[in-house]
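# Fold and contact review
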Amino acid sequence: MAGNAVGFGNFLRFPVQAIQNGGGAFIIPYLVCFLLMGIPLLFIEWSIGRYGGQFGNHSTPFMMNSMDKRRMWKYVGVFGIFSNIGIASYYCYLESWTISYVFHSAIGSFRGLSQEGVVQVFNDYVSIHTSTLIPYESVIFFVLCLALNTWILSKGLKGGVEKVAKIGMPLLIGFGIILAIRAVTLKAGHQGAIYDGTEGLNFLWTPKFDSITNPKVWLAAAGQIFFTLSLGMGSIQAYSSYLRRKDDIALNSMSAGWMNEFVEVVLGGAIIIPISIGYLGIDRVAELANLGGLGMGFKTLPYLFNQWGPVLAAIAGIMWFGLLFFAGITSSLAMGVPCVGFMQDEFKWNQNKSALAFGLIILVLGLPTVIFFNYGVFDEYDYWTGTVSLFTFALFEAILFAWVFGMKKGWKEINHGADIKVPVIYKYIIKYITPVLLIFVFVGALITPENNDWQQAFQSVSQGKVWVLDNSSLIKQLANSSLKEQIIAETDLTVKQHLETKLWLINGTRILLLSVFIGISVLVHIAYKKRIKNGRI
Amino acid sequence: MNTSALILWISSITIITFATIYFFVKILKSKPKAEPDSYSDNDDEPR
């Protein structure tokens, strides 16, 4: 389960989020969200999974229905399959970059390249029409990565997924520790470094305490907790549905959650920023941080490794991108488990057929993210399936568990077979604080004020002025406001045409994702009718 | 490193490492649960 949680977010996303949201002070809202939202949701999701599993349900639609008989819950549970399919579609592409970079590090493709040269390799790689070493390289590695995932999934939980996690997790932690030590002990003047690694730690951890009062920082912390713990996806429930009734869930969920935090804060926080600052300096890293974690990981590190000489560069490249690959594959496999479970439970498909169906669906849905990466299709998948869908589902889950199923039964469920005594305060946190926090986060994302300036927005409203939405708010995102403004302002015809195509593709992506959601709902409805016919309901 | 950054970094990694090791050791020390003879034996409460 820790393998499911540990992913790209730990190494690439967390440090960048911390830099953008108050430096060291980010750890405060981050840990508060972990304790008040992360841990409670882990308890909820493990409990829902184990409870649903007793009735032979291994995916969320009928798990939720087993907790409350009202029909709507199984359609709410569709989110638990939809998110996995949507996220796996772009996540496998991201994962395929790491395989490609392991390959290129091994054959020395980055040798002798300047910083800009390394950036260009990445840009060429994601621009499908630009020739790289292998024609249509990104498509080839995506298909290869997907085939590997499908093959492991076809081996089942014990024979495939568990084996990968058992090998991958210790390797990942081992690689992580080596790289973290290397980063923190980096000395200026050695092997091309211009700053000490500790300068990077200083940059990352210097607190800006005034940021704590900004709701934007809390939203970012909550978002990071969701992303990193794989909450609201349906994969935790699918894993725990294979547990026996007497198996512990309280200690296991705590252990998986804290293990994820260790990899994220202790290791993830000590690798990418100290190394990047050591070689590039603070200004350049601050600039790159605005591009997001992906830019940092793929556009800079091969250059940094080059400074260590050809042999060490190859070893470090294989280690770093290999580490990311293991982090990624343990998560992407977890995304396949609910879908495979659903096909097996409801349509009696065998493991191979279910895994193959999952692979084919991801191939069809994933190819647009590969081909139209530069048109924002990848980001669109990430926003709707990797962000909005997760929050929505988690909110429904928290309400179902604490208020519909009932906290009395829910608390009993968490503690059944528990190997630790869960602090009783969590009974109240799960019932009151977690749902309120989730509503706060959801509303915050829905109506994000202009420039994320909440203080100004509240002041404006108190003075009788209107609440001006930021282009990053969910409502404005839905209306494509930012892109439409760019199209209107653009004077260059070629760029304008590119933006118009982007708008068309973004709307097409939304229709496609909505169709997937409706398609899964129809399958759930058919499964429901089959259950009635077979006397299972 | 400046003092506030150092304090935050050290305290964060100490708390997190301690909690991770604590729960991990607890898992290693927890007694394996006996396999049930049947599915109904797996459930000690009537539903």
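Residues numbered from 1 in each chain as written. Chains lettered and ligands numbered in written order. Predicted model: local features only at pLDDT ≥ 70, side-chain atom pairs only at ≥ 80, totals over all residues.

Our focus in this paragraph is the overall build of chain B. When helices and strands are tallied, chain B shows 1 helix and 0 strands. Among the 47 residues that make up chain B, the fraction classed as buried is 13%. (Helix = DSSP H or I, 4+ residues; strand = E, 2+ residues; numbered from the N terminus. Buried ≥ 20, exposed ≤ 12 C-beta atoms within 10 Å, placed from the backbone.)

The next thing to look at is the overall build of chain A. Per the secondary structure count, chain A includes 26 helices and 0 strands. Compactness check: chain A gives a C-alpha radius of gyration of 23 Å against a globular reference of 24 Å for 537 residues, within 12% of the reference. Over its C-alpha atoms, taken along the principal directions, chain A stretches across nearly 70 × 60 × 55 Å. Counting the 537 residues in chain A, one finds 53% classified as buried. Taking the contacts inside chain A whose residues are at least 6 apart along the sequence as the reference set, 80% of them involve residues at least 24 apart. (Rg over C-alpha atoms; globule rule 2.2 N^0.38 Å. Contact = placed C-beta atoms within 7 Å.)

Now for the interface of chain A and chain B. With 25 residues of chain A in contact, the opposing surface of chain B contributes 21 residues. Broken down by secondary-structure element, the contributors of at least two residues to the side of chain A that touches chain B are helix 10 (197-205) and helix 13 (250-267) of chain A. Considering only residue class, the side of chain A that touches chain B consists of 12 nonpolar, 6 polar and 7 charged. (Nonpolar A, V, L, I, M, F, W, Y, C, P; charged D, E, K, R; others polar.)

All right, on to the packing of helix 6 (residues 79-107) of chain A against helix 8 (residues 137-154) of chain A then. Residues and elements named next belong to chain A. Helix 8 packs onto helix 6 with a crossing angle of 105 degrees between their chain directions and a minimal axis gap of 8 Å. When the interaxial angle is binned, helix 6 and helix 8 end up roughly perpendicular. Within the contact between the two elements, helix 6 uses Cys92, Tyr93, Glu95, Ser96, Ile99 and Ser100 and helix 8 uses Glu137, Phe141, Phe142, Leu144, Cys145, Leu146 and Asn149. Grouping the amino acids of the contact of helix 6 with helix 8 by side-chain chemistry returns 8 nonpolar, 3 polar and 2 charged. (Axes fitted to C-alpha atoms, helices over the stretch in contact; angles between N-to-C directions. Parallel < 35°, antiparallel > 145°, perpendicular 65-115°, else oblique.)

Residues and elements named next belong to chain A. Two elements in contact, helix 3 (residues 27-53) and helix 20 (residues 377-404), have axes whose closest approach is 10 Å; the angle formed by their N-to-C orientations is 70 degrees. For the element pair helix 3 / helix 20, the angle class is roughly perpendicular. Of the residues in helix 20, those in contact with Leu41, Ile44, Glu45, Ser47 and Ile48 of helix 3 are Ala394, Glu397, Ala398 and Phe401. Tallied by class, the residues present in the contact of helix 3 with helix 20 amount to 6 nonpolar, 1 polar and 2 charged.

Residues and elements named next belong to chain A. Within the largest apolar cluster, 165 residues are counted, with the highest numbers of intra-cluster contacts made by Ala221, Ala222 and Ile225. If one sorts the elements of this core by residue count, helix 18 (residues 310-347) sits on top with 20 residues. Filtering out sequence-adjacent residues up to four positions away, alanine 222 remains in contact with Cys33, Met37, Leu437 and Val441. (Core = buried A, V, L, I, M, F, W, Y, C linked by C-beta atoms within 7 Å.)

All names here are of chain A. Phi at lysine 348 takes a positive value of approximately 55 degrees, unusual for a residue other than glycine. With respect to the element layout, lysine 348 can be found in the loop between helix 18 and helix 19 (351-371). Although it is not a glycine, asparagine 480 adopts a positive phi angle of roughly 55 degrees. Within the element layout of this structure, asparagine 480 appears in the loop between helix 24 (474-478) and helix 25 (481-489).

Turning to the confidence of the model for chain B, a few remarks are in order. When the pLDDT values of chain B are averaged, the result is 81; 72% of them are 70 or greater. Overall fold confidence for the complex sits at a pTM of 0.89, while the interface term, ipTM, reaches 0.84. (pLDDT = per-residue confidence, 0-100.)

As a further point, take the environment of A:Ser276. All names here are of chain A. Locating serine 276 in the fold gives a position in helix 14 (residues 272-280). Of the residues examined, serine 276 has 26 C-beta atoms within 10 Å and is grouped as buried. On a C-alpha basis, the gap between serine 276 and leucine 513 in space is 37 Å, while along the polypeptide they are 237 residues apart. Beyond its immediate sequence surroundings of up to four residues, serine 276 is in contact with Gly200, Val285, Met296, Thr300 and Leu304.

Right, let's talk about helix 6 of chain A for a bit. Residues and elements named next belong to chain A. Over its 29 residues, helix 6 runs 42 Å from end to end, which matches the ideal 42 Å to within 8%, given 1.5 Å per residue. In the structure, helix 6 departs most strongly from a straight axis at alanine 88, where the bend amounts to approximately 30 degrees. Most of helix 6 sits inside the fold, with 25 of its 29 residues counted as buried. (Expected span 1.5 Å × (residues − 1). Bend = angle between axes of the 7 residues up to and from the residue.)

Moving on: the environment of A:Phe227. Residue and element names in this part refer to chain A. In this structure, phenylalanine 227 sits in helix 11 (residues 215-229). For phenylalanine 227, a count of 23 C-beta atoms within 10 Å translates into the label buried. For the pair formed by phenylalanine 227 and leucine 390, sequence separation is 163 residues and the distance between their alpha carbons is 8.6 Å. With near-sequence residues (within four places) excluded, phenylalanine 227 lies in contact with Gly9 and Arg13.

Residue and element names in this part refer to chain A. For serine 154, the location among the structural elements is in helix 8. Distance from serine 154 to serine 96, taken between C-alpha atoms, is 19 Å for residues 58 residues apart in sequence. Sequence-distant contacts of serine 154, that is, excluding residues within four places in its chain, are made with Gln351, Asn352, Ala355 and Leu356.

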